[in-house]
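In case you want the letters, here they are:
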Amino acid sequence: MSKKRILIFDDDTIILEVISIIFEESGYEVEISETSHDIIQKVSEFQPDLILMDNWIPNIGGVEATRLLKGHEEFKHIPVIYITANSDITSLAERAQADDYIAKPFNLDDLEEKVAAYMNA
């Protein structure tokens, strides 16, 4: 059985490192990106089972990147969990058409549970 894949978009290298280590130790294959303008290319190359998307990501931002993905027939089924420190995370996640969201700073257990729920669905 092949590993489940997570693609993480965040411009915070510390968060990327921490989340990568945690999910790799849990048996996932992880790829990271600090920009989102080439989301379609990255998704088509890596074929993730789930995407974690930061709101404040360089170039086009999380909302636009997620909308691009969700507007793409081949990739719209991939769950996107939106991650941001914004107080209006609910409306941002809705605007982005994300499947779920988690507020920064987040509890790693909560994040792992959310990811696992989508991976096992």
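The structure we're discussing is the one just above.
Remember, it's a predicted structure, so these values are computed and weren't measured experimentally.

Colleague: Go over the overall build of the protein chain with me, naming the residues and quoting the values.
Modeller: The number of helices and strands found in the protein chain is five helices and five strands. For the protein chain, the N- to C-terminal ordering of α and β elements is β-α-β-α-β-α-β-α-β-α. Taken over the C-alpha atoms alone, the protein chain extends approximately 35 × 30 × 25 Å along its principal axes. For the protein chain, the residues scored as buried account for 46% of the 121 residues in total. Sequence-distant contacts, at least 24 apart, represent 60% of the contacts inside the protein chain between residues at least 6 apart. If you sum the accessible surface of the protein chain, you get close to 6,300 Å²; carbon and sulfur atoms cover 49% of it. Side chains of the protein chain carry 10 positive and 24 negative charges; the gap between the two charge centres is 6 Å.

Colleague: For a nonpolar patch on the surface, give the residues involved together with the corresponding values.
Modeller: Among the surface-exposed residues, I14, V18 and L108 lie close enough to one another that they form a single nonpolar patch of about 250 Å² accessible area. Mapped onto the secondary structure, L108 falls in helix α5 (residues 108-119).

Colleague: Could you give an account of the nonpolar core, naming the residues involved and the relevant values?
Modeller: Core analysis: the biggest nonpolar cluster contains 19 residues, and F9, I39, V43, I51, M53, L69 and Y82 have the highest contact counts within it. Residue contacts for I39: discarding those within four places in its chain leaves F9, M53, A65, L68 and L69.

Colleague: Quick rundown of α5? Include the residues and the values.
Modeller: Think of an α-helix as turning once every 3.6 residues; residues three or four places apart then point the same way. With twelve residues, α5 extends 16 Å from end C-alpha to end C-alpha; this agrees with the ideal 16 Å at 1.5 Å per step. L111, V115 and M119 are the residues of α5 that are buried. Buried residues of α5, seen end-on, are gathered within an arc of 70 degrees and therefore sit on one face of the element. Next to the buried residues of α5 lie β1 (5-9), α1 (13-25), β3 (50-54), β4 (80-84) and β5 (100-103). With a side-chain oxygen lying 2.7 Å from the backbone nitrogen of D109, the N-terminal cap of α5 falls on N107.

About the criteria used
- Residues numbered from 1 in each chain as written.
- Predicted model: local features only at pLDDT ≥ 70, side-chain atom pairs only at ≥ 80, totals over all residues.
- Heavy atoms only, no water.
- Helix = DSSP H or I, 4+ residues; strand = E, 2+ residues; numbered from the N terminus.
- Buried < 20%, exposed > 50% of the residue type's maximum accessible area, 1.4 Å probe, protein only.
- Contact = heavy atoms within 4.5 Å.
- Areas by Shrake-Rupley, 256 points an atom, 1.4 Å probe, with all protein chains shown as cover.
- Lys, Arg positive; Asp, Glu negative; His and termini not counted.
- Charge placed at Lys NZ, Arg CZ, Asp CG, Glu CD.
- Patch = residues over 30% accessible without salt bridge, like charges linked within 9 Å, V, L, I, M, F, W, Y side chains within 5 Å.
- Salt bridge = Lys/Arg side-chain N within 4 Å of Asp/Glu carboxyl O.
- Core = buried A, V, L, I, M, F, W, Y, C linked by side-chain atoms within 4.5 Å.
- Expected span 1.5 Å × (residues − 1).
- Arc of directions from axis to C-beta.
- Polar contact = N/O pair within 3.5 Å; in protein donor to acceptor, adjacent residues only side chain to side chain.

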